[in-house]
Amino acid sequence: MSAPAIDELVDRWEAAWSGRDPAAFHAVCAPDVHYEDPVCGEPLDGPGAVAAHAAKLWTLFPDVRVERTGERLTDGRYVAAPCKVLGTHRGELAELPASGRFLVAHVVCYCELDAERRALWRIRSFFDAYDSAVQLGVLPARGTLSERAMLMLRGFGLRSRA
């Protein structure tokens with residue numbers, strides 16, 4: 001695939017996450033797409049599963065949007081696409097009540113392309129899930145007394161100074 005065609009495909013991928021239309025994933029993903037990110041319980045297979053995962057994001061962040069943050073790197077078969085996810089945590093899902101906090105998560109989507117079908121075939125999205133949890137107030141910031149207390153409770157203890 002040419003670089004402009006890849007850019008257009010990734011633009012539509014990002015728009016699918018922002019657009020709240022589950023059908024948009026069917027238009028950009030191969031029927032046998034495989035998707036993973038840090039908050040997936042397990043890898044997702046098929047555009048319907050990716051759309052259901054996105055629907056959870058739309059529930060938690062009704063105003064969510066995905067924005068491109070830099071140049072995409074590609075060799076024609078693979079593409080690394082930096083972007084950011086922005087939104088206000090206003091929705092509830094399972095045991096996570098709405099915090100009202102604004103989240104900015106920088107993401108890199110690493111995708112294998114299906115050139116024949118002009119679609120995304122294998123996608124892994126990488127982002128700092130711990131930092132996202134800190135922004136939402138779920139976990140303490142790194143290097144704080146609260147973080148040390150949490151680590152002690154988890155059994156990591158304090159280092160002895162001999």
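For the structure given in this document, a descriptive report is provided here. Values in this document were obtained by computation on a predicted structure and should not be read as measured data.

## What to know about the overall build of the protein chain
For the protein chain, the helix and strand inventory stands at five helices and seven strands. Burial status across the protein chain gives 38% buried among its 162 residues. In the protein chain, 51% of the contacts between residues at least 6 apart in sequence involve partners at least 24 apart. If you sum the accessible surface of the protein chain, you get close to 9,400 Å²; carbon and sulfur atoms cover 56% of it.

## A few points about the packing of helix H1 (residues 3-19) against helix H3 (residues 47-60)
For the pair H1 and H3, interaxial distance at closest approach is 9 Å and the crossing angle is 50°. Comparing their axes, H3 and H1 come out oblique. Here Trp13, Ala16 and Trp17 of H1 lie close against H3, whose contacting residues are Val50, His53, Ala54, Leu57 and Trp58. In the contact of H1 with H3, the residues fall into seven nonpolar, one polar and no charged.

## Quick look at the packing of aromatic side chains
Tallied over the entire structure, the rule returns seven aromatic pairs. Among the aromatic residues, those joined into a cluster by ring pairs are Trp13, Trp17, Phe25, Tyr35 and Trp58.

## Let's talk about the state of the cysteines
Tallying each qualifying case throughout the model produces zero disulfides. With no disulfide of its own, Cys111 has Cys109 as its nearest cysteine by sulfur position, at a separation of 5.4 Å.

## With respect to unusual backbone geometry
One non-glycine residue, Arg20, adopts positive backbone phi at about 60°. In this structure Arg20 comes out as partly exposed when scored by relative accessible area, which is 32%. One non-glycine residue, Arg118, lies in positive phi territory at about 50°.

## Examining the side chain of His53
Here His53 is to be found in helix H3. Judged by its relative accessible area of 14%, His53 falls in the buried class. Side chain to side chain, His53 and Asp37 meet in a polar contact 2.8 Å long. Apart from residues lying up to four places away in sequence, His53 is in contact with Trp17, Tyr35, Asp37, Val39, Cys40 and Leu44.

## Let's talk about the nonpolar core
Ranked by internal contacts, the top residues of the largest apolar core, which has 34 residues, are Trp13, Trp17, Phe25, Tyr35 and Ile123. Breaking this core down by element, the ones donating at least two residues are H1, helix H2 (23-28), strand S1 (29-36), H3, strand S5 (78-88), strand S6 (102-114) and strand S7 (119-126). Residues in contact with Tyr35, not counting those within four places in the same chain, are Trp13, Trp17, Cys40, Pro43, Leu44, Val50, His53, Ile123 and Ser125.

## Here we look at a nonpolar patch on the surface
Together, Val108, Tyr110 and Phe126 give the surface a local cluster of nonpolar side chains, amounting to about 270 Å² of exposed area. Assignment of secondary structure puts Phe126 in strand S7. What makes Phe126 partly exposed here is its relative accessible area of 42%.

## Here we look at H1
Helix length check: H1, at 17 residues, gives a terminal C-alpha distance of 24 Å against a target of 24 Å (1.5 Å per residue), a fit within 8%. Listing the buried residues of H1 in full gives Ala5, Ile6, Leu9, Val10, Trp13, Glu14, Ala16, Trp17 and Ser18. Once H1 finishes, Arg20 follows within two positions and takes phi at roughly 60°, a positive value.

Each value, and the rule that gives it
Residues numbered from 1 in each chain as written. Predicted model: local features only at pLDDT ≥ 70, side-chain atom pairs only at ≥ 80, totals over all residues. Heavy atoms only, no water. Helix = DSSP H or I, 4+ residues; strand = E, 2+ residues; numbered from the N terminus. Buried < 20%, exposed > 50% of the residue type's maximum accessible area, 1.4 Å probe, protein only. Contact = heavy atoms within 4.5 Å. Areas by Shrake-Rupley, 256 points an atom, 1.4 Å probe, with all protein chains shown as cover. Axes fitted to C-alpha atoms, helices over the stretch in contact; angles between N-to-C directions. Parallel < 35°, antiparallel > 145°, perpendicular 65-115°, else oblique. Nonpolar A, V, L, I, M, F, W, Y, C, P; charged D, E, K, R; others polar. Phe/Tyr/Trp six-rings, centres within 6.5 Å; stacked < 30°, edge-to-face > 60°. Disulfide = S-S within 2.5 Å. Polar contact = N/O pair within 3.5 Å; in protein donor to acceptor, adjacent residues only side chain to side chain. Core = buried A, V, L, I, M, F, W, Y, C linked by side-chain atoms within 4.5 Å. Patch = residues over 30% accessible without salt bridge, like charges linked within 9 Å, V, L, I, M, F, W, Y side chains within 5 Å. Salt bridge = Lys/Arg side-chain N within 4 Å of Asp/Glu carboxyl O. Expected span 1.5 Å × (residues − 1).

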